Amino acid sequence: MKFGPAIVHVIDDDESVCVAIQRLLRAAGFETRTYASAVEFLIAPPVTQPQCLVLDVHLPGTSGFDLQAALARSGHSLPIIFVSGRGDIPAKMRALKAGAVDFLTKPVESYKLLAAVNRALSQNANALAEAEDLRKP
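(A) Structural detail: the side chain of Asp-12. Topologically, Asp-12 is positioned in the loop between strand E1 (7-11) and helix H1 (15-27). Within the structure, the side chain of Asp-12 is placed 2.7 Å from the side chain of Lys-106, a separation counted as a polar contact. Contact partners of Asp-12, with chain neighbours within four places excluded, come to Val-17, Cys-18, Tyr-35, Ala-36, Asp-56, Leu-59, Val-83 and Lys-106.

Here you go:
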């Protein structure tokens, strides 16, 4: 199966952060979608192409950690890159232990975010290809 272009979902309640990350990712050739909350992301139509999530830890309502746990419980293997303005070692360890691809501190350095996104999308594309191979007779 041929997949469509990869999508990077960006969830951050700070609109200026969403815009800055979206500009960076689009300049690097990535399709992006932005959301102001975890709920907004969850109600968006699902996609089947390779994707990853750039996720703020501190969100109104459902936190980034809550969303990570909910996705894991529902069986979604969406790679997550956490970003936080208040990153500390316990938060980073929690995110990585739960399967996050990376945990970056705001302001995020462009090269670190792009490297993490490339790793996450590669991971997701491989998982989709493996799942497709398992479905073949």
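There's more to say after this.
(B) Main features of the side chain of Asn-124. Examined against the element boundaries, Asn-124 turns out to sit in helix H5 (residues 110-135). Polar contacts involving the side chain of Asn-124 include one to the main-chain amide nitrogen of Gln-51, which spans 2.9 Å.

(C) Local environment of the packing of H1 against H5. Relative to each other, H1 and H5 sit at 65°, their axes nearing to 11 Å. On the basis of the axis angle, H1 is roughly perpendicular to H5. Considering the relative orientation of H1 and H5, their crossing is right-handed. Contact with H1, carried on its side by Ile-21, Leu-24 and Leu-25, involves Ser-110, Leu-113, Leu-114 and Val-117 of H5 and no other residues of that element. Each residue belonging to the contact of H1 with H5 can be placed in one class, and the counts come to six nonpolar, one polar and no charged.

(D) Structural context of the sheet that holds strand E5 (residues 102-105). The sheet built from five strands is open, its strands ordered E2-E1-E3-E4-E5 with parallel pairing. Each edge of the open sheet is held by one strand with a lone partner, namely strand E2 (31-35) and E5. Across this sheet, the average inter-strand angle for adjacent strands is 20°, counted without regard to direction. Across the sheet, H1 is in contact with E1, E2 and strand E3 (51-56); its angle to E2 comes to roughly 170°. Lying on the sheet, H5 is in contact with E1, E3, strand E4 (80-84) and E5; it crosses E3 at an angle near 135°.

The rules behind the values
- Residues numbered from 1 in each chain as written.
- Predicted model: local features only at pLDDT ≥ 70, side-chain atom pairs only at ≥ 80, totals over all residues.
- Heavy atoms only, no water.
- Helix = DSSP H or I, 4+ residues; strand = E, 2+ residues; numbered from the N terminus.
- Polar contact = N/O pair within 3.5 Å; in protein donor to acceptor, adjacent residues only side chain to side chain.
- Contact = heavy atoms within 4.5 Å.
- Axes fitted to C-alpha atoms, helices over the stretch in contact; angles between N-to-C directions.
- Parallel < 35°, antiparallel > 145°, perpendicular 65-115°, else oblique.
- Left-handed = near helix turned anticlockwise from the far one by under 90°.
- Nonpolar A, V, L, I, M, F, W, Y, C, P; charged D, E, K, R; others polar.
- Pairing = 2+ DSSP bridges.

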